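A structural walkthrough
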Amino acid sequence: KMTKGDTEYQFLLESSKETKEKIKRPNKSLLLAVCAACIGGTFQYGYNISIINAPTKSVQNFINQTWLERYDEDISEQYLTLLWSNIVSIFTIGGFIGATIGGTLAIRFGRKGTLMMNNAFALLAALLMGLSYPTGLFELLIVGRFFTGVNAGIGICVQPLYLGEIAPRALRGAMAMGTSIFITGGILTGQVIGLKELLGKEEHWPILLCTTCIPAFLQLLILPWFPESPRYLLIDRGDDVGCRKAMKQLHGTDNFDREREDMERERVSAIGIKPKKPWQLFMDRSLRWQVLTIILLNAAQQLNGINAIYFYTDYVFEEAGIPDVNIPYVTVGTGACECLTALTCGMLIETLGRKVLIIGGYTLMAFWCICFTLTLTFQGAGVWMPYLSMGCVFAFILSFGLGPGGVTNILTTELFTQTSRPAAYMIGGSVNWLSFFVIGMVFPFIVTKLQQYCFLVFLVISVLVAVYIFLVVPETKNKTFLEIHTEFQSGDKRKASKADDGPRTTLLSTPL
């Protein structure tokens, strides 16, 4: 026989289950806001990395023809290679500059405002690259690619910031996965658009490079219909009415009260504290482990071997007997594989948590590094060996998408509070772009010296990062930003107490 107390308890339990179910189903407006932010944000990053591969020969022919018309002689092979390298690598320099200014712009103009302004760089880049052919100025390609990089750098810094702040706590990971889903979607779209059946023919390369304006136009049309980040409105601007209006649109009328309370606690804790600069994060002892974590994770995202895998794909596919003309279509398969994994990670991240996925991803990547090294070493041992190498390629890409590719940006959002988060993204983004540049410069020499054994270097990196995450980084699933910050501080206090039981240990706890 149930008592009155039992009945009330059961009612509360059922209400709690209903609330969790509602929270697990994102509001339609929230999903559309994520898509609107991503289409002009990280989609551009993936798309512009991808489309530059298809017109390589066509652009080089254009440069050679232009040089001949200007100077009545063919361009030397070395100088042609140098110019093409500049067109490709200037993207990373622009990205680095974009990442260094993205956080500052996000504080001054807001997350949504910065994303809207950022489209100006994409439109200018498309215009310059489109004019390069009719004007005969290949230099415009270099300038255009630079502005494309600036656009990507700002986008990959500010867009994850926006996604992490508009999502409710229980859906923060799943919504923030929009970053990696749209990066991989951009890569896949660029691979498909670059096929000869579409814009991959030689005469179509100026149009292909101009298509970067399409995502920019789409974002300019769609994003204005969605609100600014509620956290930015309340904590940075003190706009309580705007915050409530934004949360009502994004979360629905039934389930934003708890999120509003979390924001209010964070606002109170940040009273009198201005948004921090990147160098201030390095000087703040209470943030040292968080800063070290994002530096390591962003560097490892580029140095874990994923670029090496893509470098070897053509060779592996050739050894497997795939004709040269069909290799671009198989490469599209690798892009589809990574995109599918990002979607899978988005479905698993709120169930398994961030820590399990990223440790599991790096562990699997370490395992596939061993397998890939063996299959490349014994490539001629049998006719079936190249197919094993192909399997390792796809398995490595799947492992990357399941862990490091999807979770890294989410952790940058979750490890910091409102006053520190923009600066954290500036640090993480700068490290990511610098690592991207370094691996592009150094990797050819590593391959030349070590050949297939270069994957043993990536094996060590993957294992070390997995161990670091296991020992240092707490699980952040379904925790408020203040709870995560406090957990890091508690870890600092425990370590300090072991080293010194004196009262100086309290110095490690810096108030928000």
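Going by the structure above, here's the rest.
Keep in mind that this is a model prediction, so the values were computed, not measured. (Residues numbered from 1 in each chain as written. Predicted model: local features only at pLDDT ≥ 70, side-chain atom pairs only at ≥ 80, totals over all residues. Heavy atoms only, no water.)

**Notes on the overall build of the chain**
This is how the line gets drawn: To qualify as a helix, a DSSP run of H or I must reach at least 4 residues; to qualify as a strand, a run of E must reach at least 2; elements of each kind are numbered from the N terminus. Classification of residues uses two cut-offs on accessible area relative to the type maximum, computed with a 1.4 Å probe and protein chains only: under 20% is buried, over 50% is exposed, and between them is partly exposed. Contacts are assigned to residue pairs that have any heavy atoms within 4.5 Å of one another. Only the protein chains shown count as cover for residues, and the accessible areas themselves come from Shrake-Rupley with a 1.4 Å probe.
Per the secondary structure count, the chain includes 24 helices and zero strands. A total of 512 residues make up the chain; the buried ones form 55% of that total. When contacts within the chain are restricted to residue pairs at least 6 apart in sequence, long-range pairs at least 24 apart make up 83% of them. As displayed, the chain has an accessible area near 23,000 Å², and 66% of this comes from carbon and sulfur atoms.

**Observations regarding the packing of helix α3 (residues 42–51) against helix α7 (residues 139–166)**
To keep things clear, this is the line we draw: Only the contacting stretch of a helix is used when fitting its axis, a line to C-alpha atoms as for every element, and angles between N-to-C directions run 0 to 180 degrees. Just so you know how the angles are binned, under 35 degrees is roughly parallel, over 145 roughly antiparallel, 65 to 115 roughly perpendicular, and the rest oblique. The handedness criterion is simple: a crossing whose near helix is rotated anticlockwise from the far helix by less than a right angle is left-handed, and one whose near helix is rotated clockwise is right-handed. Each residue gets one label: Ala, Val, Leu, Ile, Met, Phe, Trp, Tyr, Cys and Pro are nonpolar, Asp, Glu, Lys and Arg are charged, and the others, such as Gly, are polar.
In the contact formed by α3 and α7, the axes pass within 7 Å of each other and the chain directions differ by 140 degrees. Taken together, the axes of α3 and α7 lie oblique to each other. Where α3 crosses over α7, the two elements pack in a sense that is left-handed. Counted together, Thr42, Gln44, Tyr45 and Asn48 of α3 and Arg145, Thr148, Asn151, Ala152, Gly155, Ile156 and Gln159 of α7 form the full contact between these two elements. When the residues that make up the contact of α3 with α7 are grouped by side-chain class, the tally is three nonpolar, seven polar and one charged.

**Regarding helix α18 (residues 327–352)**
Stated precisely, the cut-off is as follows: In this scheme, a helix's expected span is set at 1.5 Å multiplied by one less than its residue total. Bend is computed residue by residue as the angle between axes fitted to the seven residues ending at the residue and the seven residues starting at it.
Compared with the 38 Å implied by 1.5 Å per residue over 26 residues, the 36 Å span of α18 between its first and last C-alpha is a close match. The largest bend in α18 comes to about 30 degrees, at Gly346. Positioned one or two residues after α18, Gly353 has a phi angle of 95 degrees, which is positive.

**Some thoughts on the packing of helix α4 (residues 56–71) against helix α5 (residues 77–109)**
Orientation of α4 relative to α5, taken along the N-to-C sense of each, is 125 degrees, at an axis distance of 11 Å. One finds that α4 runs oblique with respect to α5. Between α4 and α5 the crossing geometry is right-handed. Across the interface between the two elements, Thr56, Val59, Gln60, Ile63 and Trp67 of α4 pack against Tyr79, Leu80, Leu83, Trp84 and Ile87 of α5. In terms of residue class, the contact of α4 with α5 is built from eight nonpolar, two polar and no charged.

**Thoughts on the packing of aromatic side chains**
Rule in force here: Note on ring pairs: Phe, Tyr and Trp rings are taken, using the six-membered ring of Trp, and paired if centres are within 6.5 Å. Classes follow the plane angle, with under 30 degrees stacked, over 60 edge-to-face and the rest tilted. Consider the ring centre and the ring normal. A charge sits over the ring if Lys NZ or Arg CZ is within 6 Å of that centre and within 35 degrees of that normal.
Here the structure, examined in full by the defined rule, presents 14 aromatic pairs. For the ring pair Phe62 and Tyr133, a centre distance of 5.7 Å and an interplane angle of 50 degrees mean the geometry is tilted. Here the residue Phe62 occupies a position in helix α4, and Tyr133 occupies one in helix α6 (residues 111–135), the gap between them amounting to 71 residues. Classification of Tyr133 as partly exposed rests on a relative accessible area of 48%. Residues Phe121 and Phe147 carry aromatic rings whose centres are separated by 6.2 Å and whose planes lie at 25 degrees to one another, so their mutual orientation is stacked. Of the two residues, Phe121 sits in helix α6 while Phe147 sits in helix α7, which places them 26 residues apart along the sequence. Of the aromatic side chains, those joined through ring pairs into one cluster are Tyr45, Phe91, Trp433 and Phe436. A cation sits over an aromatic face here: Lys355 above Phe470, 5.9 Å from the ring centre. Positioned above the aromatic ring of Phe481 is the side chain of Arg421, whose terminal nitrogen or guanidinium carbon lies 4.1 Å from the ring centre.

**Considering the nonpolar core**
Applicable threshold: The term nonpolar core refers to a set of buried residues drawn from Ala, Val, Leu, Ile, Met, Phe, Trp, Tyr and Cys, joined through side-chain atoms within 4.5 Å.
By size, the foremost hydrophobic cluster in this structure holds 115 residues, and its most contacted members are Ile63, Phe455 and Ile469. It is α7 that contributes the most residues to this core, 13 residues altogether. Discounting residues that sit within four places of it in the chain, Ile63 has contacts with Ile75, Leu80, Leu83, Ile87 and Phe138. Of all hydrophobic cores here, the second largest spans six residues; its members include Leu233, Leu234, Cys243 and Met247.

**Re unusual backbone geometry**
Of note, the phi angle at Asp72 is positive, near 55 degrees, even though the residue is not glycine. As for its position among the elements, Asp72 is in the loop between α4 and α5. The phi dihedral of Asn478 is positive, around 60 degrees, even though this residue is not glycine. The residue Asn478 is located in the loop between α23 (454–472) and α24 (481–499) in this model. Since its relative accessible area comes to 36%, Asn478 is described here as partly exposed.

**Re the environment of Met247**
Of note, Met247 is situated in helix α13 (residues 240–251). Owing to a relative accessible area of 0%, Met247 belongs among the buried residues under this scheme. Expressed as a C-alpha distance, the spacing of Met247 and Ser229, which sit 18 residues apart in the sequence, is 8.7 Å.

**Regarding helix α2 (residues 28–39)**
The terminal C-alpha atoms of α2 lie 17 Å apart, and with twelve residues this matches the ideal 16 Å at 1.5 Å per residue to within 8%. Looking at α2, one finds that the buried residues are Ser29, Leu30, Ala33, Val34, Ala36, Ala37, Cys38 and Ile39.

**Quick word on empty space enclosed by the protein**
Here the idea is plain: a probe the size of a water molecule rolls over the atoms and shows the empty space left. This is how the line gets drawn: The way it works is a 1 Å grid over only the protein atoms, where trapped points that fit a 1.4 Å probe form a cavity and open points with protein on both sides within 12 Å along at least five of seven lines form a pocket, and then any residue with an atom within 4 Å of a point lines it. Grid points are joined across faces, edges and corners, and a volume is the space filled by probe spheres set on the points.
All chains considered together, the criterion is met by one cavity of 30 Å³ or more. The space that makes up the largest cavity amounts to roughly 50 Å³. Forming the boundary of the largest cavity are Gly164, Ala167, Pro168, Arg169, Arg172, Arg231, Glu259, Asp262, Thr480 and Phe481. Across the lining of the largest cavity, the residue classes break down as three nonpolar, two polar and five charged.

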